[in-house]
Amino acid sequence: MADVEIKKLTKSFGTVEVIPEMDLVIPDGSFTVLVGPSGCGKSTLLRMIAGLELQTSGDLSIGGVDVRGRDPSDRGIAMVFQSYALYPHMTVRENISFALRLAKADPAEIEARVQNAADILQLTPLLDRRPKQLSGGQRQRVAIGRAIVRNPEVFLFDEPLSNLDAALRVQMRVEIMELHERLKTTMVYVTHDQVEAMTMADRIVVLNEGRIEQVGSPLELYDTPQTAFVAGFIGSPKMNFVRGDIPERLGGDLLGVRPEHMTLGEGDTGWTARIHLLEQLGSDTFAHVDSEVGPLIVRCHREVAELVGRDLRVAAKPGMLHLFKDGRRTDAPETL
Amino acid sequence: MKPAEKLFAYVVATVFIVFLVAPVVWLLSTSFKGQLDIFAKPPVLIGDFTLENYREVLTDRRFMGSFLNSVIISSLTVVFSMLLALPAAYGLSRLRSPAKIPLLSWVLLVRAAPGMIYVIPYFMVFNEIGLIDTRLGLVLINTVFTAPLAIWILISFFDGIPYEIEEAARVDGATRFQAFTKVAIPMAAPGIASAAILVFIFSWNEFLFALTLTRFEAKTAAIAILNYMGYAGTEWGKIAAAGILILLPVAIFAIGIRKYFVQTAAGGVKG
Ligand SMILES: Nc1ncnc2c1ncn2[C@@H]1O[C@H](COP(=O)(O)OP(=O)(O)OP(=O)(O)O)[C@@H](O)[C@H]1O
Ligand SMILES: [Mg+2]
C-alpha cells in the first residue's frame, strides 16, 4: 500500500511541452481516476508514474520512496494496458506467472499466487489457453491477473475498457471496483469517459492540456465545478451554458445550469422556449429546447411530450446556478 | 473478379507454371531413364524405368562429400547470419533515430551489389589467410550476403510487435535483453523461420563463390555436378539424378515456408 506524490513535475517531448508543471498527491488506498479529453496528457502522466516515460523535471515518489531513475519493475507498480499487451506465445498461466518466473520465485509459491489470481478473476478454466483463444473481456481479466500476482502497491490502468463493447464495459467496471474493495490497494485509472470516472472513482483528477483543472470526489466535481471546463466536462448531458447579458449582470461571463435543475412548463416566469426534439430514455426524458437565451437541454417527465409545439417557459431552479468568470467559479446568486 | 479477369489470371499463372515446372519434370524423367532413352527420338517422358543413375550418384564418394559440404556450409551460414541478423534487426526496428533509414539502405546496398565485385578481393584475402577451399571461408562469405536479407525480413516482423507488449514485459521485471529473448524472439518466430529457410536456400544454391573459392575439399554439391561433364562426354542421367537430390531440400523447405508466410503473430493485442 502506498500513496503517489508528484511535485513540480514537468514533461516535454522535444520542444513540445505536454505537462507544464504539476503537483498532485494520490492518497494511499484511493481509487483515483485521471480524466480529460484526448491528448491532455493522461497516459503520459501514468507512464511517468510507471517509469515507462521519464519526467523532464520534478519529483515523483511512491510510498514515500523517490523512484526517479528506478526501473518500472522496481517501483511497486503494476500496469494494465489499453491493448491488454498479453504475450501471445504464452498460455494464460504463463502470462500471469511471467513476472514471478523472471524473479525466480519458488514454483510452489508461483502456483499458489497464480491460482489465487485466477480464483479472484474466474480464470481457472482458461489457464491453459492462449490469448487468441479468449474473448476481449477474458483477455482484459488476464491482463489484470498479471498485475495482481505481483502484489503491487499501486495499480495503474490506462483506459483498460475502451476496447470492450458497452455491456461488457459495464460488467468489467463493476469487477474492477470489486477488486479495489477486496484488495484496498491504491489504483490510478485513466479514462477519457466521464461516466466511467463518475461511477468508479472515489477521487477524480480532471486534466486539460496537461494541467489539473480540479481534484475532488465525483459529487464535489458535479456539484461545485471550480472551472468552466470541469462544469462542461462532468455530467451527461452536458451542463447548459448561457453567455452575454445575463451572466454579466451577475458579475460573471458564463452562467451554467444542469439539465435536471431546470423546469419546463406553461408558466409565465422564465425564458420563452419551444421544444424542438425529445430524447426518450425511458427513465428520463431530455427535451432539447430553443429558448430566447439559446439552445438548452432540460430533464423532464415523459408527459412533456404533450407540450411539443406550444409556447413554453424554461427556468432554473433556485440555488442551482453556476457562475464563472474568466473560466473560474465565482459566487452566484440564489435566483436570477 | 469478373470471369474475363479470372480467365486471364489463370492463363498467366498456367504459362508461368509451365515454364517453371517443365525443366523440373524433364530433369525428374531423365533421372529415371537409361542412356538410350535419354536421347530417344522422338523424346519419351517415361522410358524404361531405372534407378541406376541414383545408385551411381549415391555411391559416388566425391559427390556425396560435396553434398555433405553443402549441408554443413548452409546450416552454419544459417546459424551465423541469424546470430548477426536477430540483434541487428531488433535494434534497427526499435531505433528511433533519423539515422534509421540511411542505415537500412546501407544494409540493402551490400545485398544489391553484384557478387562478381567481391570475388577478386575475397579471393586474394582468403588466399593470404588460408581460407581458400575451406568450409569456413564459404560460410563467412555466404553470411555477408545472407545477413542483410535476413535483417530485412526480420525487421518487418519485429516492427509488427507492439511496443506495449515489451513495456508490459519491462513492468513485469524483464531486462531489455530478456524482453528481446523471451518476448520479441518467440513472437517473431514465424519470421525467424522464414528468414532461416531463405538463408539456407540462398547458401545451398550459391554458385559463384563456391566455384571460385573452392577446389576439392570444400566443394559444394551445386559445383560437384560439373564433375559429370567430363572430356569423355556428359553423363546426363547422373546430372539429372544429382540435380533432383540437390533440389530435394529446397523443395521441402519451400513447402514448409508457405505456412510461416501466412501465419501472423496475432492474439496478444486486441482483435
Ligand atoms: N512519444 C511522444 N513523442 C511526442 N509527443 C508525444 C509522445 N507521446 C505523447 N505525445 C503527445 O503528448 C500529448 C499527450 O499525450 P497522451 O498520450 O498523454 O494523451 P492522452 O491524454 O492519454 O490522450 P488519449 O485519451 O488520446 O489517450 C499529446 O499531444 C501527444 O501527441
Ligand atoms: Mg492515452
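Residues numbered from 1 in each chain as written. Chains lettered and ligands numbered in written order. Predicted model: local features only at pLDDT ≥ 70, side-chain atom pairs only at ≥ 80, totals over all residues. Heavy atoms only, no water.

K.L.:
Teacher, can you tell me more about the overall build of chain B here?
P.N.:
Scanning chain B from terminus to terminus reveals 13 helices and two strands. With respect to the three principal axes, the spread of C-alpha positions in chain B is 70 × 65 × 30 Å. For chain B, the proportion of its 271 residues judged to be buried stands at 41%. The contacts in chain B between residues at least 6 apart in sequence include a share of 75% that link residues at least 24 apart. When the accessible surface of chain B is summed, it comes to about 15,200 Å², and 73% of that surface belongs to carbon and sulfur atoms. (Helix = DSSP H or I, 4+ residues; strand = E, 2+ residues; numbered from the N terminus. Buried < 20%, exposed > 50% of the residue type's maximum accessible area, 1.4 Å probe, protein only. Contact = heavy atoms within 4.5 Å. Areas by Shrake-Rupley, 256 points an atom, 1.4 Å probe, with all protein chains shown as cover.)

K.L.:
Explanation requested: the domain arrangement of chain B in the structure shown.
P.N.:
Bring the parts together and some accessible area is lost; that lost area is often taken as the interface size. Residue and element names in this part refer to chain B. Partitioning chain B into domains gives domain 1 (1-50) and domain 2 (61-260). Measuring from the centre of the C-alpha atoms in domain 1 to the corresponding centre in domain 2 gives 31 Å. Linking domain 1 to domain 2 there are zero salt bridges. The tally of links from domain 1 across to domain 2 stands at zero residue pairs in polar contact (both at pLDDT 80 or more). Considering every element that reaches the side of domain 1 that touches domain 2, the biggest residue donor is helix 1 (residues 3-31), with five residues. Its residues assigned to classes, the side of domain 1 that touches domain 2 shows five nonpolar, two polar and no charged. (Domains from an automatic or database assignment. Salt bridge = Lys/Arg side-chain N within 4 Å of Asp/Glu carboxyl O. Polar contact = N/O pair within 3.5 Å; in protein donor to acceptor, adjacent residues only side chain to side chain. Nonpolar A, V, L, I, M, F, W, Y, C, P; charged D, E, K, R; others polar.)

K.L.:
Got a minute to help me understand the pairing of strand 14 (residues 271-280) of chain A in this structure?
P.N.:
Looking along a regular strand, one sees side chains alternate from face to face of the sheet. All names here are of chain A. Both strand 14 and strand 17 (residues 312-316) contribute to a ladder of three bridges, which runs antiparallel. For Thr272, the partnering residue across the bridge sits in strand 17 and is Arg313. The pairing of strand 14 with strand 15 (residues 285-291) spans seven bridges and is classified as antiparallel. Paired with Glu279 across the bridge in strand 15 is Phe286. Hairpin connection, strand 14 to strand 15: the antiparallel pair is bridged by four residues, and Gly282 has positive phi, about 95 degrees. (Pairing = 2+ DSSP bridges.)

K.L.:
Whenever I open this one, the site of ligand 1 confuses me. Can you help?
P.N.:
Residue and element names in this part refer to chain A. Every residue lining ligand 1 is accounted for by Phe13, Val18, Pro37, Ser38, Gly39, Cys40, Gly41, Lys42, Ser43, Thr44 and Glu159. Gly41 is positioned such that a nitrogen or oxygen atom in its backbone is 3.0 Å from an oxygen atom of ligand 1. The leading source of residues in the shell around ligand 1 is helix 1 (residues 42-50), at three residues. Across the shell around ligand 1, the residue classes break down as four nonpolar, five polar and two charged. (Near = heavy atom within 4 Å.)

K.L.:
Got a minute to help me understand the sheet that holds strand 13 (residues 262-265) of chain A in this structure?
P.N.:
Whenever strands of a sheet pair, they do so through backbone hydrogen bonds, lying parallel or antiparallel. Residues and elements named next belong to chain A. Pairing is antiparallel across the open sheet formed by five strands, whose spatial order is 13-17-14-15-16. The outermost strands of the open sheet, each flanked by one partner alone, are strand 13 and strand 16 (294-300). Between one strand axis and the next, the sheet turns through 40 degrees on average, direction left out of account. As judged from the seven bridges shared by strand 15 and strand 16, these two strands associate in the antiparallel manner. Bridged to Thr285 within strand 16 is Cys300. (Axes fitted to C-alpha atoms, helices over the stretch in contact; angles between N-to-C directions.)

K.L.:
Looking at this structure, I do not really get the layout of surface pockets. What am I missing?
P.N.:
Approximately 410 Å³ is the volume attributed to the largest pocket. Taken together, 17 residues line the largest pocket, and the ones lying closest to its centre are Leu52 of chain A together with Arg96, Glu167, Arg170 and Arg176 of chain B. The set of elements that each furnish at least two residues to the lining of the largest pocket consists of helix 8 (163-171) and helix 9 (176-187) of chain B. When residues of the lining of the largest pocket are assigned to their parent elements, the largest contribution, four residues, is made by helix 8 of chain B. (1 Å grid on protein atoms, 1.4 Å probe; cavity = no way out; pocket = protein on both sides within 12 Å on 5 of 7 lines; lining within 4 Å. Points joined across faces, edges and corners; volume = space filled by probe spheres on them.)

K.L.:
Explain the packing of helix 2 (residues 92-102) of chain A against helix 3 (residues 107-121) of chain A to me, please; I cannot follow it from the model alone.
P.N.:
To describe two helices that pack against each other, one gives the angle between their axes and the distance between the axes. All names here are of chain A. For the pair helix 2 and helix 3, interaxial distance at closest approach is 10 Å and the crossing angle is 135 degrees. Of the possible angle classes, the one that applies to helix 2 and helix 3 is oblique. The crossing of helix 2 and helix 3 is right-handed. Listed contacts from helix 3 to Arg93, Ile96, Ser97, Leu100 and Arg101 of helix 2 are Ile110, Glu111, Arg113 and Val114. Here the residues of the contact of helix 2 with helix 3 are counted per class, giving four nonpolar, one polar and four charged. (Parallel < 35°, antiparallel > 145°, perpendicular 65-115°, else oblique. Left-handed = near helix turned anticlockwise from the far one by under 90°.)

K.L.:
Where do I start with the domain arrangement of chain A in this structure?
P.N.:
All names here are of chain A. For chain A, the domain assignment lists domain 1 (4-231) and domain 2 (237-330). The C-alpha centroid of domain 2 is placed 38 Å from the C-alpha centroid of domain 1. Each partner contributes residues to the interface: domain 1 has nine residues there, and domain 2 has ten residues. Ranking the residues of domain 1 by area buried against domain 2 places Tyr222, Ala228 and Ala231 at the top, with a combined share of 55%. Our count for the domain 1 to domain 2 interface comes out at zero salt bridges. Sorting the residues of the side of domain 1 that touches domain 2 by element identifies helix 7 (218-223) and helix 8 (228-233) as the ones contributing at least two each. It is helix 7 that contributes the most residues to the side of domain 1 that touches domain 2, three residues altogether. Per-class residue counts for the side of domain 1 that touches domain 2 are five nonpolar, three polar and one charged. (Buried area = accessible area lost by both parts, 1.4 Å probe.)

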